[in-house]
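The residues making up each chain are set out below.
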Amino acid sequence: MKAKNCLIFGGSGQIGRHLIRKLTKNNIRVTVVTRNIHQKSYIIKTQANAGYIDIVEANIYDEVKIRELLSNADTCINLIGILYEKGGSTFKNIHVVFPSLLAKLSKEYDLKNFIHVSALGINEAKDSDYAKSKLEGEKSILINFPMATILRPSVVYSVDDNFTTNLMTLLNRLPAFPIYYNGKTKFTPIHCSDLTDIIYHVISNDINSKILECVGPEEITFKEILQKLLKSINKKRLLLPFPIFLANLSAKIFQLMPKPLLTEDQLRLLKYDNIISGKYKTNSEIGVPSKFYFEKEIEKYSFMWREGGQFSTGKYIKKDD
Ligand SMILES: NC(=O)c1ccc[n+]([C@@H]2O[C@H](COP(=O)([O-])OP(=O)(O)OC[C@H]3O[C@@H](n4cnc5c(N)ncnc54)[C@H](OP(=O)(O)O)[C@@H]3O)[C@@H](O)[C@H]2O)c1
């Protein structure tokens, strides 16, 4: 049976926007919670037809408000996550305290599903504060809502991501690009649409899989990702292996910025392969294998980073020219 109303936290983000489209197109109503309705509502409301979406501004620690929202929901999805700490937005608060409270209240309100998006490779990355907090969050969610489904995606890409688009901008501007750990770290990039298909499948089939690793159809090293992006934007750049002490030094400087390009913790995380562990079920095993291949998908938008943009493609050549 399909959920009537899905309560989504973090719906204005990359995965959230795609998910709102996927769910509402399939007749699931969504209520999306944001910290700032003035800033985020215009991004959120355009993802669904009127009548399928409500947008609510709330402080994520306002228990009274969360209770009110949960009392009208069948399913709760938590997509809130951070890559670096700033002020009160600590890994502990965002990845442990908040999801743990949400899971506890979702249980109290007898919701059918609680779905939480965590991250792949967090068991292995023992020296990363990000990974440790994601892991601790998962544990407390499963204590508070034992039938929760926790999704662990590898890096998620799409036309509106912060991953391939930022990398292409940097590759365009820099004459040489630093690679850490010789670019050998392996990833299994998953397209955002493949990930939202998995979430939809979990909701519509009432799957309570505990932990599910969500990966794309191929393993690619960081260096190969950069090479594919360079090929796609038609640029040649020097990929420069960076000694780790220099990388640490630059991360120390970067992390002073309001939106750091790289932090010391991310650098530690980059050491570990981001591939299936073999210890948990994967999206393929629940019947939703990923369909999209990295190189083919980035081709669809990377031309905007090429010399000539859309005119580099033949898209605008008239048939009789
Ligand atoms: N994208 C990836 O490659 C990837 C890979 C593995 C795991 N994940 C996980 O998947 C989840 C969703 O990822 P995403 O890329 O869609 O996330 P995102 O775009 O970075 O952020 C999702 C939303 O979280 C809310 N948020 C961020 N910081 C917050 C804070 N300090 N307090 C309260 N709310 C805050 C924001 O919503 P409002 O501003 O509207 O409040 C934001 O739109 C995250 O948990 C992430 O760790 C993502």
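Please refer to the structure higher up on the page.
Residues numbered from 1 in each chain as written. Predicted model: local features only at pLDDT ≥ 70, side-chain atom pairs only at ≥ 80, totals over all residues. Heavy atoms only, no water.

Student: Any chance you could break down the overall build of the protein chain for me, citing the residues and the numbers?
Tutor: Looking only at helices and strands, the protein chain has 11 helices and 14 strands in total. Taking 321 residues into account, the globule formula puts the C-alpha radius of gyration at 20 Å, and the protein chain, at 20 Å, falls close to it. Across its three principal directions, the C-alpha atoms of the protein chain cover 55 × 55 × 40 Å. Of all 321 residues assigned to the protein chain, the portion counted as buried reaches 51%. In the protein chain, of all internal contacts separated by at least 6 residues, the share reaching a separation of at least 24 is 77%. For the protein chain, the computed accessible surface area is about 15,600 Å², with 55% contributed by carbon and sulfur atoms. With 45 positive and 33 negative side-chain charges, the protein chain shows a separation of 2 Å between the mean positions of the two kinds. (Helix = DSSP H or I, 4+ residues; strand = E, 2+ residues; numbered from the N terminus. Rg over C-alpha atoms; globule rule 2.2 N^0.38 Å. Buried < 20%, exposed > 50% of the residue type's maximum accessible area, 1.4 Å probe, protein only. Contact = heavy atoms within 4.5 Å. Areas by Shrake-Rupley, 256 points an atom, 1.4 Å probe, with all protein chains shown as cover. Lys, Arg positive; Asp, Glu negative; His and termini not counted. Charge placed at Lys NZ, Arg CZ, Asp CG, Glu CD.)

Student: I'd like a rundown of the packing of helix α6 (residues 164-173) against helix α11 (residues 294-302), residues and numbers included.
Tutor: Packed helices, taken two at a time, are described by the angle their axes make and the gap between the axes. The geometry of α6 relative to α11 is characterised by a closest axis approach of 12 Å and an angle of 65 degrees between their N-to-C directions. What the angle tells us is that α6 and α11 run roughly perpendicular. Considering the relative orientation of α6 and α11, their crossing is right-handed. Together, T164, T165 and M168 of α6 and F294, I298, Y301 and S302 of α11 make up the contact between the two elements. (Axes fitted to C-alpha atoms, helices over the stretch in contact; angles between N-to-C directions. Parallel < 35°, antiparallel > 145°, perpendicular 65-115°, else oblique. Left-handed = near helix turned anticlockwise from the far one by under 90°.)

Student: Tell me about the sheet that holds strand β11 (residues 210-214), and name the residues and values.
Tutor: Strand order across the open sheet formed by eight strands is β3-β2-β1-β4-β5-β6-β11-β14, with parallel pairing between neighbours. With partners counted over all chains shown, the strands left at the sheet margins are β3 (53-57) and β14 (281-282), one partner each. Relative to β14, β11 runs parallel, the two sharing two bridges. The residue bridging E213 from the neighbouring strand is T282, located in β14. Across the sheet, helix α2 (residues 37-45) lies against β2 (29-34) and β3, angled at about 165 degrees from β3, the strand it touches most. (Pairing = 2+ DSSP bridges.)

Student: Describe the site of the ligand, with residues and values.
Tutor: Neighbouring the ligand are 24 residues; S12, T34, R35, K40 and S89 lie closest to it. Here an oxygen atom of the ligand sits 2.8 Å away from a polar atom, N or O, in the side chain of R35. Between the ligand and K134, the relevant distance is 2.9 Å, taken from an oxygen atom to a side-chain nitrogen or oxygen of the residue. When the ligand sits alone it has 880 Å² of accessible area, and the protein chains cover 83% of it. Those elements that provide at least two residues to the shell around the ligand are α1 (14-25) and α5 (129-144). (Near = heavy atom within 4 Å. Polar contact = N/O pair within 3.5 Å; in protein donor to acceptor, adjacent residues only side chain to side chain.)

Student: Could you give an account of the nonpolar core, with specific residues and numbers?
Tutor: One finds F9, I66 and F114 to be the most contacted residues of the largest nonpolar core, which totals 33 residues. At the level of elements, β1 (5-9), α3 (63-70), α4 (91-108) and α5 are the ones that each hand at least two residues to this core. Sort the elements by how many residues they give to this core and α4 lands first, with seven residues. (Core = buried A, V, L, I, M, F, W, Y, C linked by side-chain atoms within 4.5 Å.)

Student: Mind laying out α11, listing which residues take part and the relevant values?
Tutor: For α11, the complete set of buried residues consists of F294, E297, I298, Y301 and S302. Within α11, the buried residues cover an arc of 125 degrees as seen down the axis, which keeps them to one side. More than 90 degrees from the buried face of α11, the exposed residues found are K296 and K300. Along its buried surface, α11 packs onto β7 (156-157), α6, β10 (190-191), β12 (220-221) and α8 (222-233). (Arc of directions from axis to C-beta.)

Student: Report on the packing of aromatic side chains, specifying residues and quantitative values.
Tutor: For the structure shown, the criterion picks out eight aromatic pairs. Plain terms: the ring middles of Y180 and F242 are 6.1 Å apart, the flat faces sit at 70 degrees to each other, and that makes the pair edge-to-face. Of this pair, Y180 sits in the loop between β8 (176-179) and β9 (186-187) while F242 sits in the loop between β13 (238-241) and α9 (244-254), placing them 62 residues apart in sequence. Classification of Y180 by relative accessible area gives buried; the value is 11%. The exposure class of F242 is partly exposed, given its relative accessible area of 25%. Among the aromatic residues, ring-to-ring pairing joins F9, Y61 and F98 into one connected group. K107 extends its terminal NZ or CZ atom over the ring of F145, reaching a point 5.5 Å from the ring centre. The ring centre of Y280 lies 4.8 Å from the NZ or CZ of R152, which sits over that ring. (Phe/Tyr/Trp six-rings, centres within 6.5 Å; stacked < 30°, edge-to-face > 60°. Lys NZ or Arg CZ within 6 Å of the ring centre and 35° of its normal.)

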